[in-house]
Amino acid sequence: PPISPFAIRFDAEAATLSPEGPTLERRMSDLEGLFADHDAWQAAVADGDPVVYRVQSSPVPEADRELPQSITTIERGTTAGECWMTKGHQHPNHQGEIYLALHGTGGLLMFDGDRVEWLDMTPGTIGYIPPGWAHRSVNVGDEPYSFLAVYPGGAGHDYGWVLEHGMGNRIHRTGDGFALRPYSA
Ligand code: PA5
Ligand code: NI
């Protein structure tokens, strides 16, 4: 049955939505094949398999014509110098999406299979993901990074695309910040 109009309370500081829908937790073990240093990834899995990020959804369903939202919070951390990040995905039907940065310091890495784009994401920034661009969020700051996503309910998540094509760049922590480095095969 179609859902009725309703209000969602949004707390930017706490990075929560209320009422709550499903919450997803991604641990290091869920990020296989994504960090450049496989041995460092495996060691982190063996050493407590930490939560890398959480995604809290509102109750709006991921269904065609609906407009769901979720808040992602990425912990601060690195794996062999690579900043903690989301898995990243492509929308199979190439629909667009927006992200609104809420807390901490992050970035939005996008790749269309050819071109790479990076957007600095600080509280108040809306990052626009055009149709056809795979997208990954990265925590480049010193505290958790949170953002709100609003996306078409039928967009879907193709994670295999990123495993196959990569994201064009990797994001490494440096002495005084971070650096984008090209993938090496
Ligand atoms: O809809 C989105 O793009 C986001 O809500 C992501 O799904 C979320 O940030 C988690 O990233 P991923 O789906 O790549 O694991
Ligand atoms: Ni998406």
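Shown above is the structure to which this text applies.
Everything quoted here is computed from the prediction, not taken from an experiment.

Asks: When you look at the site of ligand 1 in this model, what are you seeing that I'm missing?
Replies: Near ligand 1 you find 17 residues, and of these Tyr-53, Thr-72, Glu-97, Tyr-99 and Tyr-159 are the closest. In the environment of ligand 1, an oxygen atom lies 2.5 Å from a nitrogen or oxygen atom belonging to the side chain of Tyr-53. Between ligand 1 and Gly-88 there is a distance of 2.8 Å, counted from an oxygen atom to a backbone nitrogen or oxygen. When ligand 1 is considered free in solution it has 370 Å² of accessible area, and contact with the protein chains removes 97% of it.

Asks: Can you walk me through the sheet that holds strand E10 (residues 116-121) in this structure?
Replies: If you walk across this open sheet you meet the 3 strands as E10-E9-E12, and the pairing is antiparallel. What marks the edges here is a single partner per strand, and that holds for E10 and strand E12 (134-139). Direction aside, neighbouring strands of the sheet carry axes that sit 20° apart on average. Note that strand E9 (residues 106-111) and E12 share 6 bridges and pair antiparallel. Its bridge partner being in E12, Leu-109 is matched across the sheet by Arg-136.

Cut-offs applied
- Residues numbered from 1 in each chain as written.
- Chains lettered and ligands numbered in written order.
- Predicted model: local features only at pLDDT ≥ 70, side-chain atom pairs only at ≥ 80, totals over all residues.
- Heavy atoms only, no water.
- Near = heavy atom within 4 Å.
- Polar contact = N/O pair within 3.5 Å; in protein donor to acceptor, adjacent residues only side chain to side chain.
- Areas by Shrake-Rupley, 256 points an atom, 1.4 Å probe, with all protein chains shown as cover.
- Pairing = 2+ DSSP bridges.
- Helix = DSSP H or I, 4+ residues; strand = E, 2+ residues; numbered from the N terminus.
- Axes fitted to C-alpha atoms, helices over the stretch in contact; angles between N-to-C directions.

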